[in-house]
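Residue-level structure breakdown
If you want the building blocks of each chain, they are given just below.
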Amino acid sequence: MKQIYLDNQSNTKIDEKVLKAMMPYLTENYGNPQSIYSLGSISKDALEEARSGVAALIGANSQEIIFTSCATESNNLAIKGIAHAYADKGKHIIVSAIEHFSILNSVKRLEKEGFSVTYLPADAKGVVAEEELQKALRPDTILVSIQHANPEVGTIQNIQKLAALTKKGSEAVFHTDAVCTCGAIAVNVEDLGVDTLTLSASVMYGPKGAAALYLKKGVKIAPQIDGGVQENSKRAGTENIPAIAGFGEACKIAKAELLANAERMKFLRDKLIFELPKSIEHIYLNGVPQGKNRLPGNVNFSIEFVEGEALFLLLDAKGIMAASGSACANKNLKISHVLSAMNVDVAVGQGSILFTLSKYTTEQEIDYVLETFPGIVRRLREMSPLYAHFLKTGQRMKAGPGTDYEHDHCNITEESEE
């Protein structure tokens, strides 16, 4: 049976060159980088070389890179660490309602500590409006965190304008979760105007267990792990040298391949976006239309009259591995907080499907999805009482008290890049 992996926003296949770069530190070069003997020095050199590779990808200084174990840890360090470091100046934080749970749950914890949080709404395409940020800024705002791009609907935010607006209206630190964009599109911290940024190896063909937080020189942060002096005393714990070495190599490869990979994925992305609606009725694209403001490898549709759990089981039975919402929410199988924030109808959002492509995705695999997926939808609709009611009456059943079954979706047109 075919095995087609289209959940690359959750995790990517490791590049063979990355694995090769990691191997010496799993075998003969196993010294602790904090030790001064030769094996330790070899590991220390690998650590700093990787730091330079990560920094080069995002246009940062290598001393502004803090290595962590994963993006969730980087986001926790950014949100809690900056909030605690600047608590004497204020206790107001602004985040968007469509952030990753590592951001949202971090600010919820801070709320219990006495911080106040404003959650910015997103529109029907997943865009956070500058006007909303402007209204939310206060004299006591110390931190703003808005994702560079949403992993679920693929919408890329105008971080440059949002960060500039923040700096104009306050002295708040601006953080962006750029896990989705680093390695996928060009990212430069100076151009974006951010103070701190999260990126991760596991979604750019690197290993699990390595991520980083960019922290602009002069920005304060309170460590969240107590221990030794690793990472300039900002993140204690023995460094995972094999994973970090792989991360550095993945960043070098990503920088070299960036444009070519993005163009290939855009072509395949747009093929799915254009072709699926031709064979499936009542299917709605979530996020912005195809173009420069959508992640190159992101395709997210809501499919009406389809129950989510059955959809994924049948896809998997055909060898197609996809997702619904963020990886951390897959087992929930309810409408995601992102689609809910975008006001997608609950009954429609439960049938959402997320395909995320990689540099390894082939056109033959996309053709297989286009051949297979419509039949799965038809099979499920044949068993759907909602669809039977719609065919009989032409009316959509209510999704719940006070809701209707309408979905304001993006028009899909074969336009040039935005």
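As a reminder, the structure under discussion sits directly above these lines.
In this report, we go over the structure that sits alongside the text. As the structure is a prediction and not an experimental result, all values here were calculated from the model.

**Section: the overall build of the protein**
Counting secondary structure elements, the protein contains 14 helices and twelve strands. A globule of 418 residues ought to have a C-alpha radius of gyration of about 22 Å, and the protein, at 22 Å, matches this closely. Seen along its three principal axes, the alpha-carbon backbone of the protein occupies a region of about 75 × 50 × 35 Å. Of all 418 residues assigned to the protein, the portion counted as buried reaches 56%. For the protein, restricting intrachain contacts to residue pairs at least 6 apart in sequence, the fraction spanning at least 24 positions comes to 74%. For the protein, the accessible surface area stands at approximately 18,300 Å², while carbon and sulfur atoms represent 51% of it. The protein carries 43 positive and 50 negative side-chain charges, and their two centres are separated by 2 Å.

**A look at the packing of aromatic side chains**
Overall, the coordinates contain six aromatic pairs when judged by the stated rule. Ring geometry for phenylalanine 67 versus phenylalanine 247: centroids 6.1 Å apart, planes at 65°, classification edge-to-face. Residue phenylalanine 67 is found in strand E2 (residues 65-68), and its partner phenylalanine 247 is found in helix H9 (residues 241-279); the two are separated by 180 residues along the sequence. Of the residues examined, phenylalanine 67 reaches a relative accessible area of 3% and is grouped as buried. With a relative accessible area of 0%, phenylalanine 247 lands in the buried category. Aromatic pair tyrosine 387 and phenylalanine 390: ring centres 6.5 Å apart, planes at 20°, arrangement stacked. Within this pair, tyrosine 387 and its partner phenylalanine 390 are both found in helix H14 (residues 385-393), separated by three residues, close to a single helical turn. Comparing tyrosine 387 with phenylalanine 390, the two get one shared label, buried. An aromatic cluster of at least three residues, connected via ring pairs, comprises Phe305, Tyr387 and Phe390. For lysine 2, the ring lying beneath its charged end belongs to tyrosine 368, and the centroid distance is 5.3 Å. Over the aromatic face of tyrosine 86 sits the side chain of lysine 220, whose NZ or CZ is 4.9 Å from the ring centroid.

**Some words on the nonpolar core**
Soluble globular proteins tend to bury their nonpolar side chains together. Within the largest apolar cluster, 49 residues are counted, with the highest numbers of intra-cluster contacts made by Ile58, Leu197, Leu199 and Phe247. It is H9 that provides the largest number of residues to this core, a total of nine residues. Among residues more than four places away in sequence, those in contact with leucine 197 are Ile58, His175, Thr176, Ala178, Cys182, Val187, Val189, Leu192, Ala212, Leu213 and Tyr214. Grouped together as the second largest cluster of nonpolar side chains are 32 residues, Met265, Ile280, Val377 and Leu380 included.

**Quick notes on the pattern of salt bridges**
On inspection of all chains with the given rule, the structure shows 17 salt bridges. For aspartate 195, the salt bridge identified is with lysine 167, shortest N-O distance 2.3 Å. Separated by 28 residues along the polypeptide, aspartate 195 in the loop between helix H7 (189-192) and strand E7 (196-200) and lysine 167 in helix H6 (residues 159-169) bring together distant segments of the chain. Here the salt bridges do not stand alone but share partners, grouping Asp15, Lys17, Glu257 and Lys359 into one network.

**Focus: the sheet that holds strand E5 (residues 141-145)**
Ordered by their spatial adjacency, seven strands build an open sheet running E2-E8-E7-E6-E5-E3-E4, and the pairing between neighbours is mixed. Edge strands, defined here as strands with exactly one partner in the open sheet, are E2 and strand E4 (116-120). Mean inter-strand twist for the sheet, computed between neighbouring axes without regard to direction, equals 20°. As paired strands, E5 and strand E6 (residues 173-177) are joined by three bridges and run parallel to one another. Opposite leucine 143, over in E6, you have valine 173 as the bridge partner. Sheet strands touched by helix H2 (residues 38-58): E2, E7 and strand E8 (211-215). Its angle to E2, the strand with the most contacts, is close to 115°.

**Focus on the side chain of serine 384**
Topologically, serine 384 is positioned in the loop between helix H13 (363-382) and H14. Accessibility expressed as a relative area gives 11% for serine 384, which makes it buried. Among the polar contacts listed, one links the side chain of serine 384 to the backbone nitrogen of leucine 386, at a separation of 3.3 Å. Within polar-contact distance, the side chain of serine 384 engages the backbone nitrogen of tyrosine 387 at 3.1 Å.

**Regarding the pairing of E5**
In terms of residue burial, E5 counts as a mostly covered element, since five of its five residues are buried. Two elements, strand E3 (residues 92-96) and E5, share four bridges in a ladder whose sense is parallel. Of the residues in E5, the one forming a bridge with histidine 92 is threonine 141. Handedness of the crossover joining E5 and E6 through H6 is recorded here as right-handed.

**Quick look at H13**
For an α-helix, 3.6 residues make a turn, and residues three or four places apart therefore share a direction. With 20 residues, H13 should reach 28 Å at 1.5 Å per residue; the first-to-last C-alpha distance of 30 Å fits that figure. Largest kink in H13: about 25°, centred on threonine 372, with the proline proline 374 one to four residues after it. Looking at H13, one finds that the buried residues are Ile366, Tyr368, Val369, Leu370, Thr372, Phe373, Pro374, Ile376, Val377, Leu380 and Arg381.

Criteria and thresholds
Residues numbered from 1 in each chain as written. Predicted model: local features only at pLDDT ≥ 70, side-chain atom pairs only at ≥ 80, totals over all residues. Heavy atoms only, no water. Helix = DSSP H or I, 4+ residues; strand = E, 2+ residues; numbered from the N terminus. Rg over C-alpha atoms; globule rule 2.2 N^0.38 Å. Buried < 20%, exposed > 50% of the residue type's maximum accessible area, 1.4 Å probe, protein only. Contact = heavy atoms within 4.5 Å. Areas by Shrake-Rupley, 256 points an atom, 1.4 Å probe, with all protein chains shown as cover. Lys, Arg positive; Asp, Glu negative; His and termini not counted. Charge placed at Lys NZ, Arg CZ, Asp CG, Glu CD. Phe/Tyr/Trp six-rings, centres within 6.5 Å; stacked < 30°, edge-to-face > 60°. Lys NZ or Arg CZ within 6 Å of the ring centre and 35° of its normal. Core = buried A, V, L, I, M, F, W, Y, C linked by side-chain atoms within 4.5 Å. Salt bridge = Lys/Arg side-chain N within 4 Å of Asp/Glu carboxyl O. Pairing = 2+ DSSP bridges. Axes fitted to C-alpha atoms, helices over the stretch in contact; angles between N-to-C directions. Polar contact = N/O pair within 3.5 Å; in protein donor to acceptor, adjacent residues only side chain to side chain. Right-handed = clockwise from strand over helix to strand, strands pointing away. Expected span 1.5 Å × (residues − 1). Bend = angle between axes of the 7 residues up to and from the residue.

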